[in-house]
Amino acid sequence: MAADGAKEARLPPRWFVRTAWYAHRALYKITGGRFGLWRPKPGKWGTARLTTIGRRSGEERSVMVGYFEDGPNLVTMAMNGWSPGEPAWWLNLQSNPDAVVEVAGDRWPVTGRAAAGAEREQLWSRWQTIDKNLDAYAARRPTETAVVVLEPRSTS
């Protein structure tokens, strides 16, 4: 228990989290995309495949991210499994905000950006309704977790 009497949120070991994400990507790849991506349901998050351009390599890099929908936008968090440091996909988006998102058979171009101010607070509150341990998990990181908005962009 935490010093204030609140129950400390427990996370699996880092090796387990990383293995689960690798297995998730492998399931998606092995099934040709038939399994591994889903849209959010009320009170739950969905899973999307986000493809960014590597900031050093210039090559496409894909990752699975949890998200919820906010109008036409998808909202995710640059949490790095609640470990210190920023995830590579977020560093890539900061370098080149144009990316592609895929959800359950649909694929479209997006522009990624960090939510700030009142928008960040509102989106963080929405995440809190999905994950009751959000603040406890975020407290494990030495820096603020970016709330990332993926906005659809036109291809013309």
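Since the model is a prediction, treat every value here as computed from it, not as a measurement. (Residues numbered from 1 in each chain as written. Predicted model: local features only at pLDDT ≥ 70, side-chain atom pairs only at ≥ 80, totals over all residues. Heavy atoms only, no water.)

1. Some remarks on the pattern of salt bridges
Note that side chains of opposite charge can pair when their charged atoms are close. For the record, the criterion: Salt-bridge detection follows one rule: a side-chain nitrogen of Lys or Arg within 4 Å of a carboxyl oxygen of Asp or Glu. A run of DSSP states H or I qualifies as a helix once it reaches four residues; a run of E qualifies as a strand once it reaches two. Both are numbered from the N-terminal end. The rule is simple: take the accessible area with a 1.4 Å probe, protein chains only, and divide by the maximum for that residue type; under 20% is buried, over 50% is exposed, in between is partly exposed.
On inspection of all chains with the given rule, the structure shows 11 salt bridges. A salt bridge links R141 to E86, with the shortest nitrogen-to-oxygen separation between them at 3.8 Å. On the criterion of sequence distance, the pair formed by R141 in the loop between α4 (134–138) and β6 (146–152) and E86 in the loop between β3 (73–78) and α2 (88–95) is long-range, its members being 55 residues apart. Taking relative accessible area as the criterion, R141 reaches 5% and is therefore assigned buried.

2. Brief notes about the environment of M77
Basically, it comes down to this: Contact between two residues is taken to exist if any of their heavy atoms lie within 4.5 Å; hydrogens are not considered.
Inspection of the secondary structure assignment puts M77 in strand β3. Residue M77 is classed as buried on the basis of its relative accessible area, which comes to 8%. As for M77 and D135, which are separated by 58 residues in sequence, their C-alpha atoms are 13 Å apart. With near-sequence residues (within four places) excluded, M77 lies in contact with W82, W89, W124, W127, L134, T145, A146 and V147.

3. Quick word on the side chain of T47
With respect to the helices and strands, the residue T47 is situated in strand β1 (residues 46–53). Not counting the four nearest positions on each side in its chain, T47 is found in contact with H24, G36, L37, W38, M64, V65, Y67 and V103.

4. Examining the confidence of the model for the protein chain
Our working rule: Known as pLDDT, the predictor's per-residue confidence is scaled from 0 to 100.
When pLDDT is averaged along the protein chain, the result is 87, and 91% of the positions lie at 70 or above. Low confidence marks residues 1–6, where pLDDT is under 50. Its contacts with residues over four positions away, or in another chain, come to 2 contacts.

5. Some details on the side chain of T52
Filter applied, for reference: Whenever a nitrogen or oxygen atom comes within 3.5 Å of another N or O atom, the pair is scored as a polar contact, on the condition that within protein one atom can donate a hydrogen and the other can accept it, and that pairs from neighbouring residues in sequence are kept only if both atoms are in side chains.
Assignment of secondary structure puts T52 in strand β1. Judged by its relative accessible area of 1%, T52 falls in the buried class. Separated by 3.2 Å, the side chains of T52 and N92 make a polar contact. In this structure, T52 is in contact with E59, E60, R61, W89, N92, L93 and A99, ignoring residues within four places of it in sequence.

6. Considering α2
This is how it is decided: Our arc is simply the arc of the directions from the helix axis toward the C-beta atoms.
Residues W89, W90, N92 and L93 constitute the buried set of α2. With its buried residues spanning 160° around the axis, α2 presents them on a single face. On its buried side, α2 packs onto β1, β2 (60–70), β3, β4 (98–103), β5 (106–114) and β6.

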